[in-house]
Amino acid sequence: MTTPTPAPADRPVRLLIVDDDPLVRAGLALMLGGAEDIDIVGEGADGSEAPGLVERLRPDVVLMDIRMPVMDGLTATEALRGRPDAPEVIVLTTFHADEQVLRAIRAGAAGFVLKDTPPGQIVDSVRRVAAGDPVLSPAVTRQLMARAAGSGGEEKADRAQGARRRLASLADREREVAIAVGHGRSNAEIAAALYLSVATVKTQVSRILAKFDFNNRVQIALLVHDAGLLDDGDGPELS
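Here we summarise the structure given alongside this text. (Residues numbered from 1 in each chain as written. Predicted model: local features only at pLDDT ≥ 70, side-chain atom pairs only at ≥ 80, totals over all residues. Heavy atoms only, no water.)

Below, the discussion takes up helix α5 (residues 119–130). End to end, α5 covers 17 Å across 12 residues, agreeing with the expected 16 Å (1.5 Å per residue, within 8%). By the burial criterion, the buried members of α5 are Ile122, Val123, Ser125, Val126, Val129 and Ala130. Buried residues in α5, looked at end-on, bunch into an arc of 155°, giving them a common side. Where α5 is buried, its residues touch β1 (13–18), α1 (22–33), β2 (38–44), β3 (61–65), β4 (88–93) and β5 (111–114). Phi for glycine 132, located one or two positions after α5, is positive at around 90°. (Helix = DSSP H or I, 4+ residues; strand = E, 2+ residues; numbered from the N terminus. Expected span 1.5 Å × (residues − 1). Buried < 20%, exposed > 50% of the residue type's maximum accessible area, 1.4 Å probe, protein only. Arc of directions from axis to C-beta. Contact = heavy atoms within 4.5 Å.)

Spelled out as structure tokens, the structure:
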């Protein structure tokens, strides 16, 4: 799967809303439809409808509920992830469940918002994701990863081994950039620490995304976490 291209700035963001509650869909449509730079191109009542709607409507962003009766939003996100022209996905829910958020992000979701999030923040989330900027801040991402670290057992060990193997496949500089992304550093911070230009860091991040078939840098951070490279708190200084 190729990394989704950010929506062009010279046209409205094409948004698809998928939620089984018609009142929620109506409320979101009313809220988001008032933004001049967002165009609601369609609505779906279940995750099973998402692939067909995406194929027909070509949205830039899908606002996806987690809990739906036939196909939940996490399964639908995983289904959309395999498309070569996959839209960005923001997971929408009424509750905060770390394991589901992590599954959604690993599947390629670019963000997570609660349904009781203030309207202005939901609108801003759609704009940011359309521009290629994941909604989850580094602080929230680190919190999720820290909680995920509490899950032990064989599955965690297998995931760690696989993550270390994938990171080992990177060139040395790419691996340094990946670890810095895992520690929540911005492109500018990485550039300063590694004595690179910001443009070079962006290129390195894009290469890592392409090599691992990822949608966004949050997935890079989760891979670094799974490899056990964030166990030392904030990690060593790169400079």
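Turning our attention to the packing of aromatic side chains. Here the structure, examined in full by the defined rule, presents 1 aromatic pair. Relative to phenylalanine 214, the ring of phenylalanine 212 lies with its centre 5.6 Å away and its plane at 55°, an arrangement referred to as tilted. Judged by relative accessible area, phenylalanine 212 falls into the buried class, the value being 6%. In this structure phenylalanine 214 comes out as buried when scored by relative accessible area, which is 7%. (Phe/Tyr/Trp six-rings, centres within 6.5 Å; stacked < 30°, edge-to-face > 60°.)

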